[in-house]
Amino acid sequence: MHNNSTKTKEMFIVRALEKILADKDIRRSHHSQLKKSCDSALEQIKAELISAGQIAEGNELPCAALPLPKNDAASIINAETYFLPFELACKSRSPRIVVTALDCLQKLIAYGHLTGSIQDSANPGHLLIDRIVVTIYGCFSGPQTDEGVQLQIIKALLTVVTSQHVEIHEFTLLQAVRTCYDIYLSSKNLVNQTTARATLTQMLNVIFARMENQVYELPPRNSNSSATINGSIHSEDCNGSVEETAGDSDEVIASELLAEIISAAYNEAMKDQESLGEPEPTVNGNDYSSHSDHDSVELHSENDAVVTAKFTHILQKDAFLVFRALCKLSMKPLPEGHPDPKSHELRSKVLSLHLLLLILQNAGPVFRSNEMFIMAIKQYLCVALSNNGVSLVPEVFELSLSIFVALLSNFKVHLKRQIEVFFKEIFLNILEANSSSFEHKWMVIQALTRICADAQSVVDIYVNYDCDFSAANLFERLVNDLSKIAQGRQALELGANPMQEKSMRIRGLECLVSILKCMVEWSKDLYVNPNMPVPAMQVQSPTTTEHDQADTTIQTIHSGSSHSLNSNQEQLQDLPEALEERKMRKEVMETGIELFNRKPQKGVQFLQEKQLLGATCQDIARWLHEDERLDKTVIGNYLGENDDHSKEVMCAYIDAFDFRQLEVVAALRILLEEFRLPGEAQKIDRLMEKFASRYCECNPQNQLFQSADTVYVLAFSIIMLTTDLHSPQVKHKMTKEQYIKMNRGISDSKSDLPEEYLSSIYDEISEHEIKMKNNSGMLQQPKPTGKQPFITEKRRKLLWNMEMEVISLTATNLMQSVSHVKSPFTSAKHLEHVRPMFKMAWTPFLAAFSVGLQDCDDPEIATLCLDGIRCAIRIACIFHMSLERDAYVQALARFTLLNANSPINEMKAKNIDTIKTLIMVAHTDGNYLGSSWLDIVKCISQLELAQLIGTGVRPQFLSGAQTTLKDSLNPSVKEHIGETSSQSVVVAVDRIFTGSMRLDGDAIVDFVKALCQVSVDELQQQQPRMFSLQKIVEISYYNMERIRLQWSRIWQVLGEHFNAVGCNSNEEIAFFALDSLRQLSMKFMEKGEFSNFRFQKDFLRPFEHIMKKNASPAIRDMVVRCIAQMVNSQAHNIRSGWKNIFSIFHLAAGDHEEPIVELAFQTTGKIIGDLYKRQFAIMVDSFQDAVKCLSEFATARFPDTSMEAIRLVRTCAQCVHEAPQLFAEHAGMENDASVAEEDRVWVRGWFPMLFSLSCVVNRCKLDVRTRALTVLFEIVKTYGESFKPNWWKDLFNVIFRIFDNMKLPEHVTEKSEWMTTTCNHALYAIIDVFTQYFDVLGHLLLEELFAQLHWCVQQSNEQLARSGTNCLENLVISNGFKFNESTWDKTCQCILDIFNATLPQDLLSWRPKAHSSNNLPQEHNHFEALHIRCVVQLELIQTMDNIVFFPATSRKEDAETLAQAAADLTGGRNGSQSQLLECQREEQGMYGYLRTRQLLTLADCLMQSHRFAKRFNSDHDQRSLLWRAGFKGSVKPNLLKQETSSLACVLRIFFKMYGDENRRSDWPGIEQELVQVCKEALGYYLSLQSEAHRDAWTSLLLLILTRLLKMSDARFATHVSNYYSLLCDMMCFDLKPELRSVLRRVFMRIGPVFNIMSVK
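Residues numbered from 1 in each chain as written. Predicted model: local features only at pLDDT ≥ 70, side-chain atom pairs only at ≥ 80, totals over all residues. Heavy atoms only, no water.

Comments concerning unusual backbone geometry
The phi torsion of most residues other than glycine is negative, and most of the peptide bonds are trans. Of note, glutamine 661 is a non-glycine position whose phi angle comes to about 60°, a positive value. The class of glutamine 661 is exposed, set by a relative accessible area of 76%. In this structure, histidine 880 is a non-glycine residue whose phi angle is positive, near 55°. Here histidine 880 is to be found in the loop between α36 (859-878) and α37 (882-894). (Buried < 20%, exposed > 50% of the residue type's maximum accessible area, 1.4 Å probe, protein only. Helix = DSSP H or I, 4+ residues; strand = E, 2+ residues; numbered from the N terminus.)

What follows is the structure in structure tokens.
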């Protein structure tokens, strides 16, 4: 191997030397040294060949693939020996010799035979390779260099830079790059230029790739390491070898040099030094070295504030030097005017920019994060860009823009302020300028297209600028400018044709769409596509944690720099809420600034109110200093105002300046740079006065000015001088002498200010005007509105050139001012940022897309607009921004031309695309559309119309412009309308409806609402359509399998719609709705239902509504048939639906049509007859509804149905009785939760049933109500055993309502019939129930019953009144033996109350009123009432008699007494039988159960009645008056019956008690009462005039006298002694024989008792 490598090396060297020696030019004298050297080298090689075999392998000659061993002295000598002839050859002027020498050197280096890694003997401290490189680039001597030599130089330098065997650094490397650069500029050969440029590219690639790769390499070891450079793999062991070879001294030198360069690099930016790359072709090698030394060494000074950074490796320094050199080259100014494209200056600038772009686009992590590179970008590149970015040379401008885009992509975290300047001052200014050329605008918008395509950049711009308190609103301004361009509203560009205008517009739209796509991409993790279901475990909620969001965002979004110097700070700053709050504060601040620039005081006040500005004058002054957005003129005026507040602010403002160690002019210059001096002398005066004060305060040691007055006057004079010298209005300028003269005597000291001083002031002002510093805000010229075609093209170009100069100057100044500023840059990560971005920018987006769709038919523009709207809708949807979403969807809907107001005959391709976009939005964003579904569904509905036109159906139902028939449309429109029926559109529309099952719970409800609303609109048209109604049925089928919670919400909407449609006046529509409802219901019922749910109930409610509201018999019949079918086929699945079914039948029962009633009743009968037996348990919940339904059937118009319905109630009662526990278990969801378990069977079973029967009784005709009443009491009697006390109370409340019904003022005949029949019947039935269940009811309800009886006897119905008394009698006789004392008290009180209430008092006081026809009916009614009272009195007397003594007892007793008296006449005796009967009667009557006081109460009551009757009967005039008025018919009215029967009852009671041993203690009182009554009776009898009246008293006298006879002698004596005279007087009357017979017996007994006669 050693032999081979030696031979290879020798082959190259020998051939090259021989070729040089063979050249004819070698003979020339000046080449003699070269010839000797070549000869010497050849001899040496020959000697080597001779001794080749004796030298050990590896000692002398290196391997072809490896560098020379470092300690091989022979090799060093050999290398020098070999190199010297080539060095001399390169210095020769013979192109052929130079080419040969360079070619050999290149090959030796390429193959590693010449590494030059030894010390250079001629130049200690440097390596031989440096000399080799100097030799190579020394061959280039400018443009006149031979083209072959140029090519060979390029080749050799490329080999040196890229070779893995040699290493060059710093100056040497820089010179190698520069030589290629110069060859590119100087060479006239195109091939050489291209080669040089390609070489430079490759060199830079290698330099920067080595720097990046070095970071990943391990520290040098003995083992080999390799890296890939420029596509080929090279061994990198030379790095280690070099470092080892260099030794300590080299490392020290290198590190020192490095430290110097780094430490001084910061200050280099502002120095206007000559670049090392000055492209002057005549510069020789020595010049190069001097420039290079200058660049690489002369960087010593350093700003104290800057911390020195150090390179970690020499390769980083190499890259830095190259990069900085290129930056400086790019900063070289171009000559004035339009430079020649072939000029060196322009080509140099273009090449440097190209190379910089290459470096930046390929920048790796080291380059992107190293502070030195960042510093170079800020200080050199950005300043260069600010200059080149406004170049009139398109190529330079375009390159600058590309570089900016690369910087934005890779370095934005370090260049926050620079990016702002570039955007604000260059990009947006060019876009907004009136006079800018199309070419510039086009290139700017091309660059923006690239920027807008990167989501990270777009969001970062918003977060870092629009949300930064001190930065410009770049995102907002960018979007507004792009929107104007997209609308074609931008300023007319210089020299643009319509096609270019259109291209510009398209580009603007592309940018806007890109921005929106970035926003969509950024927030895509929040979006859920309804058509791509995610597995449950992977679904991410929108409220993902910040950490998760950050992670996903980094993975999914194109991130910017991942190597930030402020990464920790960024994470803290990137909080959406904080940024949004900051953005809001910024907006308030901008409002305040705008207000300040108009009215300063108001602006300050506004900001202080908003707490954005401090309250003190110092705070205001600081703000005036710091905020660049304030109008400098306004500041000046504000500070000069005469009010106290402004003066304080002005003092604080000037106090903030530091004038120490400054001359007055310099201090004044600093002051007046900050604001524009006001025009008023008084304001200037105040400002200068304060300035003088502050100046003296800062410079107390200044000997020149004795007081502030001197400074004040001098400052004023300087202002005047500036105005005089620099104002164009002043024609005669002030001379220096005049100025000096003007300032004489202004000093307080004896001597004036020195003339030299004043002279110097004059000179300085003359040369440099005092003016405000340039500020971007002040350079903004007011832009004229609209386009100005009257300005000539030439004039516009001139304006544009001037404007570009201003922009360039401003941008450069700003760039330089921010080159040292470090602003923290936030790398956005949160998804939430998109929401405020979109909220701010949605209107310009919408304007651009709307105008695009409206104005332009170009398909490209239309596609972009539709894309943009689609993205905007997605963003608005994701962030639930309903206003924005609605606006975009409505815009989209408007451009479909499917609206009612749109002329469909203008349909174009863009409208068809809009329709497709709308459908796509519905498909992909359905979950978020909310109320916007309405617009979409409307369009889909109208689309069906368009399809009808497109397919040839005559659109007879279209109005307005749409009445045009298809045949009359022009062919293109016909084709477009026809496309609405294309397969793709039809399928897409269907997909919306079939896809509805994948919408989430809220979205489906919104969708359904919209569909229902559109359906209503369709059905209300003149020609109703059922498209949406059909779709509603479809989606109901699709969505029925949803969870019940969601389905119930859907059905809430659908049910309402079916309610409305089912009641439509068009029967066809109602039939369709009903049939659809039936099918849906059947399907829904198949699913069944668990107990306590109400989904079925909700589902069937529309049937109920239709039945209630639709008057059409056909529809009502169909509803009943639908329900009947459901009952027949799905009864086992129905649960809560039974309620609706009964409710529907309840409504059907009231129908006028018998078939409807009949069908409904048949089904009801089947339910209660069959289903209740089979499945009553699952139907308990609807029992009350069933009973109500039967009640309604019972009150129907058809008697047979009514009777059968009442029969079914009895069946229901049986079911309740058999299964009371079902009601207890079934708590029910609506209202029974609070009902006790044991009462549930009553509340939900018995009570509704009995109540409904009572309702039937109250509402129906006689036969039905009688049947109902019968069944009601049958049920009560049959099942009452199980009733609880509180149930009975409820029941009787209901039963008593039967009587309440009569308390209403109704027609007399009906009322009379009611009372005679139903009330009568009910009364007796009630008494039966009371008697049957008295044990329970007695103490509960007796009082209520008595009250009811009281009411009955007070009614103006004789039958009811009689029934009342009869029922009272029956009740007491049947149950009296169960009464306790209290009950008897209540009973007596009731009788007493009835007596008092029915006593016909009016009989005594009635007087006829003045005769009139109106009074007759009233009189009649009054007499009728009085008559009934008389009847009730009689009935009551009889009732009391019956109660006390048992019915008919008194009558029989009277008959017996009479018979006995008659028998006495004939001499017969019947005593034993009479006594027997009396005993029997005593056992049956209630006498024994009544206390004496109760009997006395009754007797007293009877006596009142008796006395009233006596009084009336005695008042003959009153009776005559009544008789004449028509009371009681043909005979004079009398109360004889009342008079006699009441007294008879009293007498019987007293006589009974008088003979009752149990009441012995009461006898004295009874005797007294009895005597009194008898005396009164006999006395009254004797006073009677009428024979008939006396006859009526016969039975009474018989009773008294018969009972007297039955008394013991003692008692007889007592009584007769009281009546004796009365009895004697009685003899005078013509008495009946029976009475005379008994009276005789009395007198007969008197004898023995009083011993008048003896008894035989």
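Some details on the environment of threonine 1497
With respect to the helices, strands and loops of the structure, threonine 1497 is situated in helix α64 (residues 1492-1514). Taking the C-alpha atoms as reference, threonine 1497 lies 9.8 Å from aspartate 1385; in sequence the two are 112 residues apart.

Remarks on the packing of helix α16 (residues 416-432) against helix α18 (residues 455-466)
At a minimum axis separation of 11 Å, α16 and α18 run at an interaxial angle of 100°. Classified by the angle between their axes, α16 and α18 sit roughly perpendicular to one another. Note on element contacts: α18 touches α16 through Ile461, Asn464 and Tyr465, opposite Lys416, Ile419, Glu420 and Phe423. The class makeup of the residues in the contact of α16 with α18 is four nonpolar, one polar and two charged. (Axes fitted to C-alpha atoms, helices over the stretch in contact; angles between N-to-C directions. Parallel < 35°, antiparallel > 145°, perpendicular 65-115°, else oblique. Contact = heavy atoms within 4.5 Å. Nonpolar A, V, L, I, M, F, W, Y, C, P; charged D, E, K, R; others polar.)

What to know about the pattern of salt bridges
A full pass over the atoms with the stated rule returns 40 salt bridges. The residue arginine 629 makes a salt bridge to aspartate 627 at a minimum N-O spacing of 3.0 Å. Where aspartate 925 meets arginine 874, a salt bridge forms, and the shortest distance between an N and an O atom there is 2.4 Å. With aspartate 925 in the loop between α38 (909-924) and α39 (933-950) and arginine 874 in helix α36, this residue pair connects regions lying 51 residues apart in the sequence. Across this residue pair, the class does not change: aspartate 925 and arginine 874 are buried. What you see here is one network of salt bridges that share partners, running through Lys517, Asp867 and Arg870. (Salt bridge = Lys/Arg side-chain N within 4 Å of Asp/Glu carboxyl O.)

Considering the packing of aromatic side chains
Under the criterion given, the structure shown has 36 aromatic pairs. One aromatic cluster is present, built from ring pairs that chain together Trp1242, Trp1246, Phe1247, Phe1251, Tyr1279, Phe1283, Trp1287, Trp1288, Phe1292, Phe1330 and Tyr1333. Here the guanidinium or amino end of arginine 874 rests over the ring plane of tyrosine 527, the centre of that ring lying 3.8 Å away. One cation-aromatic arrangement involves arginine 1645 over phenylalanine 1612; the distance from NZ or CZ to the ring centre is 4.6 Å. (Phe/Tyr/Trp six-rings, centres within 6.5 Å; stacked < 30°, edge-to-face > 60°. Lys NZ or Arg CZ within 6 Å of the ring centre and 35° of its normal.)

A few points about helix α32 (residues 755-767)
An α-helical turn contains 3.6 residues, so a residue and the one three or four places further along point in the same direction. Taking 1.5 Å per residue, 13 residues should reach 18 Å; α32 reaches 18 Å between its end C-alpha atoms and fits that length. On its buried face, α32 sits against α28 (664-673), α30 (708-726) and α31 (736-742). (Expected span 1.5 Å × (residues − 1).)

Side note on the nonpolar core
With 405 residues, the main nonpolar core has Phe323, Phe427 and Trp1246 as its most contacted residues. Per-element accounting of this core gives the leading share, 13 residues, to α36. The contact partners of phenylalanine 427, leaving out residues within four places of it in the chain, are Leu401, Phe404, Phe422, Val444, Ala447, Leu448 and Ile451. Residues Phe606, Tyr638, Ile654 and Ala667 belong to the second largest nonpolar core, which totals 60 residues. (Core = buried A, V, L, I, M, F, W, Y, C linked by side-chain atoms within 4.5 Å.)

A look at the environment of alanine 862
Here alanine 862 is to be found in helix α36. Using a relative accessible area of 1% as the deciding quantity, one classes alanine 862 as buried. Contact partners of alanine 862, with chain neighbours within four places excluded, come to Leu853 and Lys910.

Section: the state of the cysteines
In this structure the tally under the stated criterion is zero disulfides. This cysteine, cysteine 518, is not joined by any disulfide, and cysteine 452 carries the nearest cysteine sulfur, 7.2 Å off. Classification of cysteine 518 by relative accessible area gives buried; the value is 3%. (Disulfide = S-S within 2.5 Å.)

Details of a nonpolar patch on the surface
A cluster of nonpolar residues, Phe1650, Ile1652 and Met1653, forms a patch on the protein surface that exposes about 300 Å² of accessible area. Here phenylalanine 1650 shows up in the segment after α71 (1633-1649). Phenylalanine 1650 sits in the partly exposed class, given a relative accessible area of 35%. (Patch = residues over 30% accessible without salt bridge, like charges linked within 9 Å, V, L, I, M, F, W, Y side chains within 5 Å. Areas by Shrake-Rupley, 256 points an atom, 1.4 Å probe, with all protein chains shown as cover.)

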